[in-house]
Structure formats: structure tokens, C-alpha cells
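# Fold and contact review
Now for the letters of each chain:
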Amino acid sequence: MYITKDIRYVGVNDHDIDLFEGQYTVPNGMAYNSYVIIDEKIAVMDTVDARFSDAWLENIARELGEGSPDYLVIQHMEPDHSASIGAFLAQYPKAAVVASKQAFTMMKNFYGVVPAASETVGEGSVLSLGAHTLTFFTAPMVHWPEVIVTYDAADKVLFSADGFGKFGALDVEEEWACEARRYYFGIVGKYGAQTAALLKKAATLDIAKICPLHGPVLSEDLEYYLGLYQTWSGYGVESEGVVIAYTSVYGNTKKAALLLAEILEQKGVPCAVHDLARTDMAEAVEDAFRYGKLVLATTTYNAEIFPFMREFISHLTERNFQNRTVALIENGSWAPTAAKVMRAMLEKCKNLTFTNTSVKILSALNEESEAALLALADELCEK
């Protein structure tokens, strides 16, 4: 597949995978992207998961014909992008591996590979292929420390490593933002400041295409994609609305959550509702970072909170949840403590505003707690 006249796609689609990184459901599979730049010198950009080494090498051979790569550029050392280094060097032993200093250390640690020919690059390093000159930029902790991204000035292409990636194989058509958002906040979301620093570097470049290591090549309306990444990396509000995340043992907390959603929707407020025991947790996390207001509703459980709620809040705090309005609904039959526990878990989050109204349910909804729900809905509707 042609990206430009000189840049070809040689990646693979994975429809055998069930959980990406052992935790994220990927019903539409994954793409492991790799690219070849054909010039006086030939450079291959990254490798693929070890299960697809043979298919990937076949793709490279098909594009090169009698040609042979001079360089293998490794931007990121996670095994879904680096596990075929050994297979590549066995096929093309004269090729030099280009990577950051930390990547070469990881290469040895992961695979015992010490390339016979190598070139260490860092911030501002350049590699001339002929008409194409590659400039490398460091991207530490987006989302590993060894990451580099690469800019090809000739075709105005940014090879963005895991930045601008998404879940889903390339032979499945789906809307970009949802799975890109779930991917970003699940995998990169903790590192907003580092992502913002990389975006600042990218802003100095004339970019026509973005080639990520997962997901489609982006070539139209780049302002849209860059704008979303600016919002995400700054923990800004992407969409107005309320996320209601709840756990429920006997259905009473669920009734409260659904009643609140019904009231809000009648007032014209979009709601995303997640039963944390049954939803895709990554989807719930995605929505919490997408919308500006979050309602947490759970039962007191062993003088604590229900395990799925604890897990959900942990996901948020691990990813630097901030800049949001939060409301609390607690349920307890004799000693409700859930609101206190949830608030304590969120203490270290920056710029959270808790609603003045909180809702306490004593076993089941009654007139008093229903009135509190109405008051909470009114407060959540305020700007």
C-alpha cells in the first residue's frame, strides 16, 4: 500500500488477539504498522508482533523486489513493535539498526540482540537516505522512556510511534475517535504533560501525513486529530455531558443511577451510564475523561466501597484524572461510608470540584433521597 510514492505500508492486521496488552478488549483486532521508505538508501520503520514476522518480511520483500534495506529504525521497544528485530536481521544481516540509546539496552534485555551495525540517535539527529532526510525527536514517556518519533521532510510525514494510535485492524471500517480515545486514555493517558511536549515539537513541523504504529494513516483534516490530542493531553473537556458510573448489589443503587440519568436526559443533558461490574472498564474510563462531569454511585462494602468502583477510581487516579466536576451517591444499610472513601481516593487529583449536593441512600430510595437526586440533577445542569 502506497503512503506516498516512496513510502509503502508493510504492516499486518491481527484478528486472533483477544486482549491487547493482556487487558483491553479489541473486538475489531489490532494493526501493527510498519513502513518502508525507498530511496538511494532504504529504511524500514519498526517491526511487528512476533506472531506475524513471516508475513511482515513477505510484505517487505514484495515492496522491495531485489532491493535490500539499509536501515531498520526502531522507534518504540514494546514487543508488538520490536519482536521481529531478530527475524529481520537474520533476513537482512547487513542492515543497520537505528534507535535511541535506551532502546538498544531494551533490545538486549528483551531479545538478547546486539546488532552488528547500529546507529544511536537522539533529539535532532538526522539520517539521510538520499532525497529523504529523517529527523528524529525524542518522546520520553509517550509512553515508554526510549521512544523516538521521526519526521521525513521530503514527504512531510511524521512517523508518530504510539502517538495517534487506535485499537482496531485496518481492514475494519469504524469511527476513529472512539477507539483512539479509549486507546489514548488507557495506554498513554497518564503522560499528558509528556504528550503535550511532543505536540509542541510537532507544531514546528509542516506535516501532511501522520503514520502511527497502530491505526490508520492520518492525512486529511489533521487539525481535528491534533486538536483532540491537545484536549486529551491537557485533560480538557471534549464533550459536554455527565458520566454516571455505578455499582449495585441488589439493584437499589442502580435504580438511583438510572433515575438520575432519566432526570438529566429530560433536562437535555447527555448521559453515559456504566454498570462497572459489567461494562468494558476502558470504555468507562474513556467517558470519564471525555465528559466534564462525573457521578460516582456505589454501595458501602466491608466498610469500604464495592470492588469494581475501587478499581474504576484507581484507573482514573493512575491516569491523572483532573479538571472535572464530581458528584457522589452512596448507599448503606447501617453505616454508609462510601462517599467518604471515594472522596479520599480522589484527594490527590487536581482541580476537582465536588457538587454541594451528595446523595445518601439508606438501603433503598425514599422521598428524601429522591429529592436529593432531583437537587443533584439541578446542580449538574448548572454551567
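Above: the structure in question.
Just so it is clear, the structure is predicted and the values come from calculations on it, not from any experiment.

Rules of the game
- Residues numbered from 1 in each chain as written.
- Predicted model: local features only at pLDDT ≥ 70, side-chain atom pairs only at ≥ 80, totals over all residues.
- Heavy atoms only, no water.
- Helix = DSSP H or I, 4+ residues; strand = E, 2+ residues; numbered from the N terminus.
- Contact = heavy atoms within 4.5 Å.
- Areas by Shrake-Rupley, 256 points an atom, 1.4 Å probe, with all protein chains shown as cover.
- Lys, Arg positive; Asp, Glu negative; His and termini not counted.
- Charge placed at Lys NZ, Arg CZ, Asp CG, Glu CD.
- Disulfide = S-S within 2.5 Å.
- Phe/Tyr/Trp six-rings, centres within 6.5 Å; stacked < 30°, edge-to-face > 60°.
- Buried < 20%, exposed > 50% of the residue type's maximum accessible area, 1.4 Å probe, protein only.
- Pairing = 2+ DSSP bridges.
- Axes fitted to C-alpha atoms, helices over the stretch in contact; angles between N-to-C directions.
- Left-handed = near helix turned anticlockwise from the far one by under 90°.
- Right-handed = clockwise from strand over helix to strand, strands pointing away.
- Patch = residues over 30% accessible without salt bridge, like charges linked within 9 Å, V, L, I, M, F, W, Y side chains within 5 Å.
- Salt bridge = Lys/Arg side-chain N within 4 Å of Asp/Glu carboxyl O.
- Core = buried A, V, L, I, M, F, W, Y, C linked by side-chain atoms within 4.5 Å.
- 1 Å grid on protein atoms, 1.4 Å probe; cavity = no way out; pocket = protein on both sides within 12 Å on 5 of 7 lines; lining within 4 Å.
- Points joined across faces, edges and corners; volume = space filled by probe spheres on them.
- Nonpolar A, V, L, I, M, F, W, Y, C, P; charged D, E, K, R; others polar.

A count of helical and extended segments in the chain gives 12 helices and 22 strands. Seen through its C-alpha atoms, the chain measures out along the principal axes to roughly 80 × 35 × 35 Å. The long-range share in the chain, meaning contacts at least 24 apart out of those at least 6 apart in sequence, stands at 69%. Here the chain displays about 16,400 Å² of accessible surface, and carbon together with sulfur accounts for 50% of that area. Of the charged side chains in the chain, 31 are positive and 51 negative, and the gap between their average positions amounts to 6 Å.

Under the criterion given, the structure shown has 0 disulfides. The thiol of Cys271 is unpaired, and the distance to the nearest cysteine sulfur, on Cys381, comes to 8.5 Å.

Bringing the packing of aromatic side chains into the picture now. Think of a pair of aromatic rings as described by two things: how far the centres are apart, and how the planes are tilted against each other in angle. This structure, assessed with the given rule, holds 24 aromatic pairs. Geometrically, the ring pair formed by Tyr32 and Phe52 is tilted, given 5.9 Å between the ring centres and 55 degrees between the ring planes. Remark: Phe52 occurs in the loop between strand E7 (42-45) and helix H1 (53-64) and Tyr32 occurs in strand E5 (residues 30-32); sequence separation between them is 20 residues. On the basis of an interplanar angle of 40 degrees and a centroid distance of 6.1 Å, the ring pair of Phe306 and Phe308 is categorised as tilted. The partly exposed category is assigned to Phe308, whose relative accessible area is 32%.

Taking strand neighbours across the sheet as the criterion, the 6 strands line up as E1-E6-E7-E8-E9-E10 in an open arrangement whose pairing is mixed. Single-partner strands in this sheet number two, and they are strand E1 (7-9) and strand E10 (118-120). Neighbour-to-neighbour, the strand axes of this sheet turn through a mean angle of 20 degrees, independent of strand direction. Bridge count for E7 against strand E8 (residues 71-73) is 3 bridges, and the pairing is parallel. By the bridge assignment, Val44 is partnered in E8 with Leu72. Sitting on the sheet, H1 is in contact with E1, strand E6 (35-38) and E7, with an inclination near 20 degrees to E6. Against the sheet, helix H4 (residues 101-111) makes contact with strand E9 (96-99) and E10, and its axis sits at roughly 120 degrees relative to E9, the strand it touches most.

Let us look at the packing of helix H6 (residues 192-202) against helix H7 (residues 222-233). Contact geometry of H6 with H7 gives a least axis separation of 8 Å together with a crossing angle of 145 degrees. As for how H6 packs across H7, the hand of that crossing is left-handed. Taken together, the residues of H7 that come into contact with H6 (itself represented by Gly192, Ala193, Thr195, Ala196 and Leu199) are Leu226, Tyr229, Gln230 and Ser233.

Take the pairing of E7 next. On E7, burial covers both faces: Ile42 and Val44 on one face and Ala43 and Met45 on the other are all buried. Bridge count for E6 against E7 is 4 bridges, and the pairing is antiparallel. Each bridged residue has a counterpart across the sheet, and for Val36 the counterpart in E7 is Val44. Between E6 and E7, which pair antiparallel one after the other, the connecting turn spans 3 residues. Considered for its hand, the β-α-β crossover made up of E7, H1 and E8 is right-handed.

Quick look at a nonpolar patch on the surface now. A contiguous nonpolar surface patch, about 370 Å² in accessible area, is contributed by Val249, Tyr250 and Tyr301. Within the element layout of this structure, Tyr250 appears in the loop between strand E16 (239-246) and helix H8 (252-266).

Core analysis: the biggest nonpolar cluster contains 93 residues, and Phe20, Ile60, Phe88, Leu296 and Phe312 have the highest contact counts within it. Top element by residues in this core is helix H5 (residues 176-188). It accounts for 8 residues. Setting aside anything within four residues of it in sequence, one finds Phe20 in contact with Val26, Met30, Tyr32, Asp80, Phe167, Tyr183, Ile187 and His214. Counting residues in each nonpolar core, the second largest holds 22 residues, with Ile244, Val269, Ala297 and Leu380 among its members.

Okay, empty space enclosed by the protein next. Overall, the coordinates contain 2 cavities of 30 Å³ or more when judged by the stated rule. In this structure, the largest cavity spans a volume of roughly 50 Å³. Lining the largest cavity, in full, are Val142, Gly163, Phe164, Thr195, Leu198, Leu199 and Tyr229. With 3 residues, H6 is the largest single contributor of residues to the lining of the largest cavity. Within the lining of the largest cavity, the residues separate by chemical class into 5 nonpolar, 2 polar and no charged. Counted as a void, the second largest cavity has a volume near 30 Å³. Lining the second largest cavity we find Phe137, Val149, Leu158, Leu198, Lys201, Ala202 and Leu205. Among the elements that take part in the lining of the second largest cavity, H6 stands out by supplying 3 residues, more than any other.

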